[in-house]
Amino acid sequence: MSKAILTDITKCIGCLKCVSACKEINKLEMDVPRIWQKNDGLSAENWTSIIQKPDRHYIRKQCRHCLEPACVTACPVGALHKTEEGAVIYNNDICLGCRYCMMACPYGIPRYDWDEPVPYVRKCILCYNYIKEGEEPACTKICPEGATIFGERDELLKIAHNRIKENPDKYIHKVWGEHEIGGTNVFYLSDIDLGFLTYKTHLGKEPLEETTAPAMKSVPFAFVGMGGFMLGLNWIIRRRMEMSKKQNEPGGEKDE
Amino acid sequence: MNRVQNTKLVLWLITGFAAAVGLNRFIFGLGATTNLTDSTPWGLWIGFDVMGGVALAAGGFVITAIFYIMKREEFHPLVKPAVLTAFLGYIAVIFGLMFDLGLPWNLWNIFIHWNFHSPLFEVGWCVILYTTVLMLEFSPVPLEEFSRYAKVRNFLIRYRFALVLLGIMLSTLHQSSLGSLFLIMPFKLHPLWYSNILPVQFFISAIALGLMMVAFESLTSHWLYKREPDTELIAKLGKATVWVLLTYVGIKMADIVLSDKFALITDGSRESFLFISEILISAFIPLVIFSFPKLRKRNKAQWIASFMVVFGIVFNRINVGGLTMLSATGDSYTPSWMEITISLGVVSAAALVFLFVIEHFNIWDLKPQDPEASPHTAPSFDYSSRVWLGTPDIASLTKYSLAFVISFATGMALMPEKQLHGKGIEEITVSRSSGKDTLLINGNRDDCLVEFPHKEHIARLGEDNCSKCHHLTLPGFKENSCWECHYSMYKTIDFFKHDWHASAHGANIKCDNCHINNVQREKETAKTCSECHPLYEFKNADLQSASRYFALSYTDALHQLCVSCHVVKAYELEKQNLGQCSSCHSAEVHEHISENLKWEISLPHFNSVILPKIDNEIIKTEISKDEKENINN
């Protein structure tokens, strides 16, 4: 059921049609260089971008739509949520603007409307309104080279592994997004290392939710435990005070 | 009692100034007031106001635990101020958070939309609940003054033990959960601070900070009102802090050693320096001071040590809250003066309320009096302002309001125009050029001065059209920037770099080298690339026809040289591949492309590219014309 995108770096020619198609379909405004932007081309008005690397490598950057997204775990009100179709979408009606999602994302994807007095978090939503009705996202639809394609997640994974099998010398034997932090819905096939897309070259296989889950699970225990501990402590101390009072009384001497 | 009055005056000045900045924040947005960026979305306001603030308010639950749970009756004088500090601290945290949240009016959503997986959800709930508990814990003190509410007061006092217990339980949760917030960022947070037991470290350090904040606050307020400090009590707090700090440092160092991170402390990086100074200030030096029984009983030593713990652990919160993530994100962040002002303003406002409560309610055994405010002193002029400020009982109030109003106005007046724009782009700076009616302007706020022929613009646009650039009703806005009319300036992206061509460090050419005068300067009216770059030549291409094409952009211009013919040939020879992008942009570039162009195609020429909204209509019409001609030939 879960849909995905497969981007083949070796096929991309950097024509930027995906970028303009994305801007058009999401009705994004003109992008003016701002001091708060990162130098990867993504911004509140640019939800996908092409990063150029030496030897004609063009890497399309976009939201990875993780299977177990850190941003969804982080959001205190659930303004971000993972749909059945695989897209991670954003509900701006309930967003608080705490920007914890931006802090949590290991790929540094979500962007913010810093210049607006009523700011929202902006990122790729996998053209959710279109894929919901069985259509394709604008970026994959327009790609002239078939470098980025859309389909079922399982099928795309098969395609990716087939491509590696057929051209073992062409690709690095890894499908980016298959396992990293629990897997993503956006895959990359590449002949160069794509570690620069994240803050750390090697993300583990564990979803990021696993890092906070133990702490969150122990919350009720810590709550009750601390209450019990304090009550117990109080009981012991009171009892001790009573005992010492009783001991002191027969002697007729009082410390206090 | 000038000490109190001067302190209050300074606090009022800061509050007034911060109020002006705060207003600015809500009108013009976060980008206008903060130095936050897409890679550093949390800054000083989270690190200090929220994380530091919550930790600073830990004194409330620590002291109530000591007094009500452990039954140490001697700490009674510290209980009321500690609960008051905690209550005001939490109010300040929530108030400060309002500035940081992008959509603070949506905060109530946290009551309706629950996400149990989010540590922030838990922190939010706990903070709100605990603030309520603190209010109930503290309200018997002000209610004492109103005999009408004696029943409510008695009720609250009867259930005080339950409230205290609930407060401790809630504090345990959110003090530690503030650490859990950062567990989800293992790739960003520096390994010296990242740890699976971050919540535990946060909780223990909050206890130490709570103890020392009570000491620090007690010493400072007693100094302010010239009262005898509770030296003995604070020495006892110091002794307790030693054990807490030892546990804290022990756990922290054990965790670092066990996870093989010890080498990071001495690797000489910025983070190692931050770590060493943090540990020294927050733990080691205070530990040394409090270990000597003689030193422990001296007020100055107490004050220094408690301040160091307070500062050091708040520093720890700032480090975890973003400062040590900068090396991973490759960003740089220094808080803007507006961020600092608002942080200071929130603290000052809380301090003012604290002083007010101390003076008007029964916090200490004796309410401290402001002698100048008593009606028995002789009326006097204020020497600083030379103005009659009213009768003595309201003179100080007049002075404070005056301070607030003046600093608020100063804040408004000093607000830089750049901040008011809030666009992250420099404002226009205009200066006369040597020519009579030509100005040098920073027209696009990109620090690139260009000659602006004012007269020509008037002639072209007509006398009535001044408002196209001037007198736009935007606040603080001087003139429209160039790109709002010459809109393709930032649109001509892909291969052709307009900025680079215009900049002094790039091609360093004047506008009229490419743009014909007396016509609006747009990409449609500009020269073709080949006029300046004759080397981009095709062996088999017809350069004559190239000059007819408009220079849409570099890429478009170059594309048209090939694509127009390719499309026709693909049609004629029935070779579909010939018309596709990959027929040129593939591993093997075709022979008839010149060496220069091959080199150019393979260059990593544009890094990140913005908005390629190509005007397809023009290409289409040109191609169709060309097709016809070619077919005719």
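Each value, and the rule that gives it
Chains are numbered independently. Their residues run from 1 in the order of the written sequence. Here chains are named by letter from A upward and ligands by number from 1 upward, in the order in which they appear as written. Note on the predicted model: pLDDT of at least 70 is required for a residue's local features to be given, and 80 or more for side-chain atom pairs to be given and counted; whole-chain, interface and lining totals, by contrast, use all residues. Each side-chain value is worked out from all heavy atoms of the structure, with water and hydrogens disregarded. Starting at the N terminus, helices and strands are each numbered in turn, a helix being any DSSP run of H or I of at least four residues and a strand any DSSP run of E of at least two. Each residue is placed in one exposure class: buried if its accessible area under a 1.4 Å probe, protein chains only, is under 20% of its type's maximum, exposed if it is over 50%, and partly exposed if it falls in between. The protein chains shown are the only cover counted for residues, whose accessible areas, like all others here, come from Shrake-Rupley with a 1.4 Å probe. Only the C-alpha atoms count toward the radius of gyration. The rule for a globule is 2.2 Å times the residue count to the power 0.38. For the charge count, each Lys or Arg is scored as positive and each Asp or Glu as negative, with His and the chain ends excluded. To locate a charge, take atom NZ for lysine, CZ for arginine, CG for aspartate or CD for glutamate. pLDDT is defined as a per-residue confidence score from the predictor, taking values between 0 and 100. Whether two residues are in contact is decided by their heavy atoms, any of which lying within 4.5 Å being enough. As used in this record, nonpolar core signifies buried Ala, Val, Leu, Ile, Met, Phe, Trp, Tyr and Cys residues forming a set joined through side-chain atoms within 4.5 Å. What counts as buried area is the accessible surface, traced by a 1.4 Å probe, that two parts surrender upon association, with contributions from both included. Salt bridges are counted wherever a side-chain nitrogen of Lys or Arg sits within 4 Å of a carboxyl oxygen of Asp or Glu. Three categories are distinguished: nonpolar for Ala, Val, Leu, Ile, Met, Phe, Trp, Tyr, Cys and Pro, charged for Asp, Glu, Lys and Arg, and polar for the others, with Gly belonging to the last.

> Describe the overall build of chain B, listing the residues and the values that go with them.
A count of helices and strands for chain B gives 26 helices and three strands. Going through the 633 residues of chain B one by one, you find that 51% of them count as buried. As displayed, chain B has an accessible area near 30,600 Å², and 63% of this comes from carbon and sulfur atoms.

> Summarise the overall build of chain A; cite the residues concerned and give the values.
What chain A contains, in helices and strands, is eight helices and nine strands. Here chain A has a C-alpha radius of gyration of 26 Å; the compact-globule value for 256 residues is 18 Å, and the former is much larger. Classification of the 256 residues of chain A by burial places 56% in the buried group. When the accessible area of chain A is evaluated, it comes to approximately 11,600 Å², of which 53% is carbon and sulfur surface. Looking at charge distribution, chain A has the averaged site of its 34 positive side-chain charges lying 2 Å from that of its 35 negative ones.

> So what about unusual backbone geometry? Which residues, and what values?
Residues and elements named next belong to chain A. At Lys27, a residue that is not glycine, the phi angle is positive and equals roughly 55 degrees. Mapped onto the secondary structure, Lys27 falls in the loop between helix H1 (17-25) and strand S2 (49-53). In this structure, His65 takes a positive phi of about 50 degrees despite not being glycine. Relative to the helices and strands, His65 is located in the loop between strand S3 (57-61) and helix H2 (70-74).

> Summarise the confidence of the model for chain A; cite the residues concerned and give the values.
For chain A, mean pLDDT is 88; residues scoring 70 or higher make up 95% of the total. Contacts of residues 252-256 of chain A to residues separated by more than four positions or lying in other chains number two contacts, the stretch itself having pLDDT below 50.

> Could you give me a rundown of the nonpolar core, with the residues and numbers involved?
What tends to happen in soluble globular proteins is that the nonpolar side chains get buried as a cluster. Grouped together as the largest cluster of nonpolar side chains are 169 residues, with contacts concentrated most on Tyr100 of chain A together with Ile168, Phe182, Leu189, Leu237 and Ile363 of chain B. Among the elements that take part in this core, helix H11 (residues 198-224) of chain B stands out by supplying 15 residues, more than any other. Not counting residues up to four positions away in its chain, the partners in contact with Ile168 of chain B are Met226 and Met230 of chain A together with Phe61, Thr64, Ala65 and Ile69 of chain B. Counting residues in hydrophobic clusters, the runner-up holds 24 residues, among them Val19, Ile59, Tyr128 and Phe150 of chain A.

> I'd like a rundown of the interface of chain A and chain B, residues and numbers included.
In this assembly, 80 residues from chain A lie in contact with 90 residues from chain B. Across the chain A/chain B interface, buried area totals approximately 7,300 Å², and carbon plus sulfur atoms make up 68% of it. The salt bridge partner of Arg99 of chain A is Asp100 of chain B, with a shortest N-O separation of 2.9 Å. Counting only elements with at least two residues in the side of chain A that touches chain B, the list comes to H1, S2, H2, helix H3 (100-104), strand S6 (111-112), helix H7 (209-217) and helix H8 (219-251) of chain A. Of the residues forming the side of chain A that touches chain B, the biggest block, 12 residues, is contributed by H8 of chain A. The residue makeup of the side of chain A that touches chain B, split by class, is 48 nonpolar, 16 polar and 16 charged.

> Account for the side chain of Glu339 of chain B, with residues named and values stated.
Tracing the backbone through its elements, the reader meets Glu339 of chain B in helix H18 (residues 337-360). Buried charge without a salt bridge: Glu339 of chain B, with Arg99 of chain A as the nearest opposite-charge side chain at an N-O distance of 7.6 Å. Those residues in contact with Glu339 of chain B that sit more than four places away from it in its chain are Thr33, Thr34, Asn35, Leu36, Leu44, Trp45 and Tyr333 of chain B.

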